[in-house]
Amino acid sequence: MSELHKFLFDGLPVRGAIVRLTDTWQEILRRRASSTEHGAYPEPVQRLLGEITAAATLMQSNIKFDGALVLQIFGDGPVKLAVTEIQPDFKVRSTATIAGDIAPDMLLSQMVNAQNEGRCAITLDPTTKFPGQQPYQGVVPLFDDSGKPLERISEVLEHYMLQSEQLDTTLVLAANDKVAAGLLIQRLPMQGEGNLSGSMVSKENEDEIGLNEHYNRISILAKSLKSEELLELDVDTILRRLFWEEPLTRFEPLVGETAPRFSCNCSRERVGKMIVGLGREEAASILAERSDIEVACEFCGVQYRFDPVDAAQLFTDAVQLQQGPSGTH
């Protein structure tokens, strides 16, 4: 079963979390593999998508925010987009768009950042928006300060947290066809929540970056964790092996019904609105070539079909909605 554990280092300005996505991750892969159009992800894409899914789950666990966290990696290679969305109740969905061949040994830069045009974007989309409110978004390139391409998602996100949030962060990520897992260690901000909130960062917090000896010590311990250990060992064993000398306060883990779990919020209504957005002429041209308009959800694989009668009803309903109950503008 999937699980999420959070903990604090007693008396130190450092927090941590471990996530292990098992059934949740396997369901995402199963749905993709069952797609007659796409088929299973190649192994490098599977690893990339699993790592960003684990990372986004860890990030969502560290913010006090009523809304979805969306993590996207996009660029100019054969992987056009890898995206994961984590709801505040830890409903998870992830997908990747591939437009080209993926070699078994492809690196991140080759998949997404062929011409150094790749980007990482994190979006916080509130559940309830005020009029005119836009989601908060931060974007960073997939290269370091010297312009050298980054080859690990963990490095990209550590760079993001330092650049966008002024927070020292250590991430260890790993994924295969059974488990997507991650360990996060983060120095607590000097004041306020600070993390992914878009708030101003205090001068004290800025001065402290990279200098805290306790965080640096714990970060070194965390980075000693090997990918195979993260994938194969249980959480208790990992924490004991890494931090056996550090007193920890552990919080109630999210397991069972509260654990991160696959869920997709696509619907026939949403797809209908998308078809209306295409316009009546575009819909008619599609129906002139085939018997129905077929749309498959990229996240869950569910297929929605609209025949000519369904499509006509969509546009009739849209006109009536615009005119209002009286039939006039």
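Because the structure is a prediction, the values reported are computed rather than measured. (Residues numbered from 1 in each chain as written. Predicted model: local features only at pLDDT ≥ 70, side-chain atom pairs only at ≥ 80, totals over all residues. Heavy atoms only, no water.)

### Brief notes about the overall build of the protein
Put simply, the rule is: Where helices and strands are cited, they refer to DSSP runs of H or I of at least four residues and of E of at least two residues respectively, numbered from the N terminus. Relative accessible area decides the class of each residue, using a 1.4 Å probe on protein chains only: under 20% of the type maximum gives buried, over 50% gives exposed, and in between gives partly exposed. The contact rule is simple, with two residues in contact once any of their heavy atoms fall within 4.5 Å. Per-residue and other accessible areas were derived by the Shrake-Rupley procedure at a 1.4 Å probe size, with only the shown protein chains allowed to occlude residues.
Helix and strand counts for the protein stand at 11 helices and 14 strands. Looking at the 329 residues of the protein, the share that counts as buried comes to 46%. The long-range share in the protein, meaning contacts at least 24 apart out of those at least 6 apart in sequence, stands at 64%. In the structure as shown, the protein presents an accessible area of about 16600 Å², 51% of it carried by carbon and sulfur atoms.

### Points about the pairing of strand β2 (residues 14-21)
The condition that has to hold: Two strands are said to pair when DSSP picks up at least two bridges between them.
Taking burial as the measure, the eight residues of β2 include eight buried ones, the bulk of the element. On β2, burial covers both faces: Val 14, Gly 16, Ile 18 and Arg 20 on one face and Arg 15, Ala 17, Val 19 and Leu 21 on the other are all buried. Pairing between strand β1 (residues 3-9) and β2: six bridges, direction antiparallel. The partner of Lys 6 across the bridge, within β2, is Ala 17. Between the antiparallel neighbours β1 and β2 lie four residues, among them Gly 11 with a positive phi of about 75 degrees. With eight bridges connecting them, β2 and strand β9 (residues 180-187) associate as antiparallel partners.

### Some thoughts on the confidence of the model for the protein
Here is the rule: pLDDT expresses how confident the predictor is about each individual residue, on a scale running from 0 to 100.
When pLDDT is averaged along the protein, the result is 86, and 90% of the positions lie at 70 or above. The weakest mean pLDDT in the protein belongs to helix α5 (residues 203-208) at 51; the strongest belongs to strand β8 (residues 169-175) at 97. Low pLDDT, under 50, characterises residues 197-203; the stretch is placed with nine contacts to residues that sit more than four places away or in other chains.

### Notes on the pattern of salt bridges
Note the threshold: Salt bridge criterion: a side-chain nitrogen from Lys or Arg within 4 Å of a carboxyl oxygen from Asp or Glu.
This model, assessed by the stated rule, comprises 18 salt bridges. Glu 229 is the salt-bridge partner of Arg 241, the closest N and O atoms lying 3.6 Å from each other. Of this pair, Arg 241 sits in helix α8 (residues 235-243) while Glu 229 sits in helix α7 (residues 227-232), and the two are 12 residues apart along the sequence. When its relative accessible area of 51% is taken as the criterion, Arg 241 is described as exposed. What emerges from the salt-bridge pattern is a single network uniting Arg 290, Asp 292, Glu 294 and Arg 305.

### A closer look at unusual backbone geometry
Non-glycine residue Phe 90 carries a positive phi angle of around 65 degrees. Tracing the chain through its elements places Phe 90 in the loop between β4 (79-86) and β5 (91-98). In the Ramachandran plot, Asn 116 falls in the positive-phi region, its phi being about 60 degrees despite a non-glycine side chain. Checked against the element boundaries, Asn 116 lands in the loop between α3 (108-112) and β6 (119-126).

### Looking at the layout of surface pockets
For clarity, the cut-off: Put simply, the grid is 1 Å and covers the protein atoms alone, a cavity is a trapped set of points that fit a 1.4 Å probe, a pocket is an open set with protein on both sides within 12 Å along at least five of seven lines, and lining residues have an atom within 4 Å of a point. Grid points are joined across faces, edges and corners, and a volume is the space filled by probe spheres set on the points.
The volume enclosed by the largest pocket comes to roughly 310 Å³. Those elements giving two or more residues to the lining of the largest pocket turn out to be α1 (23-33), β5 and β13 (293-296). Taken as a whole, the second largest pocket holds about 250 Å³ of empty space. In this structure, the second largest pocket is lined by 14 residues; those nearest its centre are Arg 47, Glu 51, Glu 151, Arg 152 and Ile 153. Within the residue set of the lining of the second largest pocket, elements represented by two or more residues are α2 (43-61) and α3.

### Let's talk about the state of the cysteines
For clarity, the threshold we go by: Two cysteine sulfur atoms form a disulfide, by the criterion used here, when they sit within 2.5 Å.
By the definition in use, this model includes zero disulfides. The cysteine Cys 300 is free of any disulfide, with Cys 266 supplying the nearest cysteine sulfur at 3.5 Å. Given a relative accessible area of 7%, Cys 300 falls into the buried group.

### Details of the nonpolar core
Rules: Only buried residues count toward a nonpolar core. Its members are Ala, Val, Leu, Ile, Met, Phe, Trp, Tyr and Cys residues joined through side-chain atoms within 4.5 Å.
One finds Leu 48, Leu 71 and Leu 157 to be the most contacted residues of the largest nonpolar core, which totals 56 residues. For this core, the element with the highest residue contribution is α2, accounting for nine residues. Apart from the residues lying within four places of it in its own chain, the contact partners of Leu 71 are Ile 52, Ala 55, Ala 56, Ala 82, Val 83, Thr 84, Cys 120, Ala 121, Ile 122 and Leu 157. Formed by 23 residues, the second largest nonpolar core is a distinct cluster that contains Val 14, Val 179, Tyr 215 and Leu 239.

### Re the sheet that holds strand β7 (residues 136-141)
Note the following rule: For helices, the fitted axis covers only the stretch in contact; all axes are lines through C-alpha atoms, and the angles between them, taken along N-to-C directions, range from 0 to 180 degrees.
Spatially, β7-β6-β3-β4-β5-β12 is the arrangement adopted by the six strands of the open sheet, whose pairing is mixed. Strands with a single pairing partner mark the edges of an open sheet, and in this sheet they are β7 and β12 (261-262). Bridge count between strand β3 (residues 67-74) and β6: eight bridges; the pairing is antiparallel. Counterpart to Phe 74 in the pairing with β6 is Arg 119. Packed on one face of the sheet, α2 meets β3, β4, β5 and β6 and runs near 30 degrees to β4. Running over the sheet, helix α4 (residues 153-165) touches β3, β6 and β7 and is turned about 125 degrees from β7.

### A few points about the packing of α2 against α4
The geometry of a pair of packed helices is captured by two quantities: the angle between their axes and the separation between those axes. Operational definition: By the definition used in this description, the sense in which the near helix is turned from the far one sets the handedness, with an anticlockwise turn below a right angle giving left-handed and a clockwise turn giving right-handed. The classification used treats Ala, Val, Leu, Ile, Met, Phe, Trp, Tyr, Cys and Pro as nonpolar, Asp, Glu, Lys and Arg as charged, and all other residues, Gly among them, as polar.
In the contact formed by α2 and α4, the axes pass within 10 Å of each other and the chain directions differ by 35 degrees. Every pair of crossing elements has a handedness; the one defined by α2 and α4 is right-handed. Of α4, the residues touching α2 (which contributes Leu 48, Glu 51, Ile 52, Ala 55 and Met 59) are Ile 153, Leu 157 and Met 161. In terms of residue class, the contact of α2 with α4 is built from seven nonpolar, no polar and one charged.

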